[in-house]
Amino acid sequence: MKGLRTLLAASLTSLSLSMASLPVCAAQAPVHFADLNWESGSLITEVLRFIVEKGYDLPTDTLPGTTITLETALAKNDIQVIGEEWAGRSPVWVKAEAEGKVAGLGDTVKGATEGWWVPEYVVKGDPSKGIKPLAPDLKSVNDLARYKDVFKDPESPGKGRFLNSPIGWTSEVVNKQKLKAYGLDDSYVNFRSGSGAALDAEIASSIRRGKPVLFYYWSPTPLMGRYKLIQLEEPPFDAEAWKTLTDADNPNPKPTRSLASKLSIGVSTPFQKDHPQIAGFFQKVEFPIEPLNKALATMSENHTPPREVAQAFLKDHPEVWKAWLTEDVAQKVEASLK
């Protein structure tokens, strides 16, 4: 009996040693997505995350930051995916792309745009609400100087107020430089609300009260489909002038409309190399503008979390996302939605 116990102990010791020598499988590292702070960016990010998690069996998480810091992190592979990248707009992106550190995959939202806007009633009036046209000849940015009193800044009565984009965006720098380039920096206050939500609140409040408001905005967004707006004309695009607008330190910016919008999925090149199947999926992603704007409106009006709206979008529009995926991956995603 004693011999049997000795043999058993020896066997267990041997088994323990052999198991200890086996390689330990580390937990799968998550794919780091940029935590984008505007509605379309957050919704698209959650759609992509859900598919990566359920279709490709990879964990994901999100990391916050401004546009510029997130692009810098992408170039260092500290994050791997920016779900809505306005590729080619910032010097950080252009440099990283030229160095082969990042890539923009796909053409995710056709029809996206950005610019300077006013409510339609500012130009045309609104008889149903008793609003008379306050700037009937306002068509382009060149007309803004003579209408500065229409858009009067309450804190600087001698100037108009221009609502710039959320702080930390590339467009914040561009708009500041455009005010100089259009000769408006002495006529208008460069007002920054802070976040996208604060900008939305400022615009919506003015429109509800029938007040004039001049602001930067973009699409796809729920706000663009909710109100009647007029986009102001700007000079034709000029590539050399555009460089002066994206350079915050350029003392002599030149006038031009913004670079034509192309929305892509930004990825780090190490991620693209390590996950060619996911990169192939990203290359095929395309969101039709109408259902996307509808989903964004639902998210905004009901204060629904982006993750929840993303799953609803996937359930409601299988014809959209199945075209991005191989059959086996699509089946896994579909099964996870039931």
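Here is a short report on the structure shown in this document. Since we're looking at a predicted model, the values are computed, not measured. (Residues numbered from 1 in each chain as written. Predicted model: local features only at pLDDT ≥ 70, side-chain atom pairs only at ≥ 80, totals over all residues. Heavy atoms only, no water.)

## Remarks on the overall build of the protein
For the record, the criterion: Runs of H or I in DSSP of at least four residues are treated as helices and runs of E of at least two as strands, each being numbered from the N terminus. Radius of gyration here uses only the C-alpha atoms, and the compact-globule reference equals 2.2 Å multiplied by the residue count raised to the power 0.38. Partly exposed residues are those whose accessible area sits between 20% and 50% of the maximum for their type, while under 20% is buried and over 50% is exposed, using a 1.4 Å probe and protein chains only. Residue contacts follow a heavy-atom distance rule, with two residues in contact if any of their heavy atoms lie within 4.5 Å. Working definition of accessibility: Shrake-Rupley area with a 1.4 Å probe, residue cover restricted to the visible protein chains. For the purpose of charge, His is not counted, nor are the chain termini; Lys and Arg are scored as positive and Asp and Glu as negative. Lys charges are placed at NZ, Arg charges at CZ, Asp charges at CG and Glu charges at CD.
In terms of helices and strands, the protein carries 15 helices and 11 strands. For a compact globule of 338 residues, the expected C-alpha radius of gyration is about 20 Å, and the protein comes in at 26 Å, more than 25% above that figure. With the C-alpha coordinates of the protein rotated into their principal frame, the extents come out at 105 × 45 × 35 Å. Residues counted as buried form 48% of the 338 residues belonging to the protein. At a minimum sequence separation of 6, the contacts of the protein that also span at least 24 residues come to 72%. Looking at the protein as shown, the accessible area adds up to about 16,800 Å², and 55% of this sits on carbon and sulfur atoms. Averaging the coordinates of the 39 positive side-chain charges in the protein and doing the same for the 42 negative ones gives two points 2 Å apart.

## Here's the deal with the nonpolar core
Selection rule: By nonpolar core is meant a set of buried Ala, Val, Leu, Ile, Met, Phe, Trp, Tyr and Cys residues that side-chain atoms within 4.5 Å join together.
Counting residues in hydrophobic clusters, the biggest one holds 90 residues, and the most contacted among them are Leu 144, Phe 151, Phe 281, Phe 282, Trp 324 and Leu 325. When residues of this core are assigned to their parent elements, the largest contribution, 8 residues, is made by helix α2 (residues 39-56). Contacts of Phe 281, omitting those with residues within four sequence positions, involve Leu 48, Ile 51, Val 52, Tyr 56, Trp 324 and Leu 325.

## Points about unusual backbone geometry
In this structure, the amide linkage connecting Ser 219 to the following residue, Pro 220, adopts the cis form with an omega of 15°. Within the secondary structure, Pro 220 is located in the loop between β9 (214-219) and α8 (222-226). Backbone geometry at Asp 57 places phi at a positive 60°, although glycine is not the residue there. Among the secondary structure elements, Asp 57 is positioned in the loop between α2 and β2 (60-64). On the basis of relative accessible area, Asp 57 is assigned to the exposed category, the value being 52%. With a phi angle near 65°, Asn 77 is a residue other than glycine that sits in the positive phi range. By the element assignment, Asn 77 lies in the loop between α3 (67-75) and β3 (81-86).

## With respect to the pairing of strand β1 (residues 31-35)
Applied cut-off: Here, a strand pair is defined by DSSP locating no fewer than two bridges between the strands. The handedness rule is simple: strands pointing away from the viewer, and a clockwise path from the first strand over the helix to the second, make the crossover right-handed.
For β1 and β2, the ladder comprises 5 bridges, and the chain directions are parallel. Bridging across to β2, Phe 33 finds its partner in Thr 62. As a crossover connection, the stretch from β1 through α2 into β2 is right-handed.

## What to know about the environment of Ser 264
With respect to the helices and strands, Ser 264 occurs in strand β11 (residues 263-268). Ser 264 sits in the buried class, given a relative accessible area of 2%. As a C-alpha pair, Ser 264 and Lys 148 span 116 residues in sequence and 36 Å in three-dimensional space. With residues near it in sequence (within four places) discarded, Ser 264 still touches Ile 82, Gly 83, Glu 84, Glu 85, Ala 87, Gly 104, Leu 105, Gly 106 and Thr 108.

## Brief notes about the pattern of salt bridges
Quick note on the threshold: Every case where a carboxyl oxygen of Asp or Glu lies within 4 Å of a side-chain nitrogen of Lys or Arg is listed as a salt bridge.
Per the counting criterion, the structure on display carries 19 salt bridges. Across the salt bridge formed by Asp 57 and Lys 332, the nearest N and O atoms sit 2.5 Å from each other. Linking Asp 57 in the loop between α2 and β2 with Lys 332 in helix α15 (residues 327-336), this pair joins segments that are 275 residues apart in sequence. What makes Lys 332 partly exposed here is its relative accessible area of 34%. One salt-bridge network, in which partners are shared between bridges, spans Glu 46, Arg 49, Glu 53 and Arg 307.

## Considering the environment of Asp 137
Mapped onto the fold, Asp 137 is located in the loop between α5 (120-124) and β6 (152-153). Of the residues examined, Asp 137 reaches a relative accessible area of 45% and is grouped as partly exposed. Between the C-alpha atom of Asp 137 and that of Val 123, which follows or precedes it by 14 residues, the distance is 7.0 Å. The residues contacting Asp 137, other than those within four sequence positions of it, are Asp 143, Arg 146 and Tyr 147.

In short, geometric facts, not functional conclusions.
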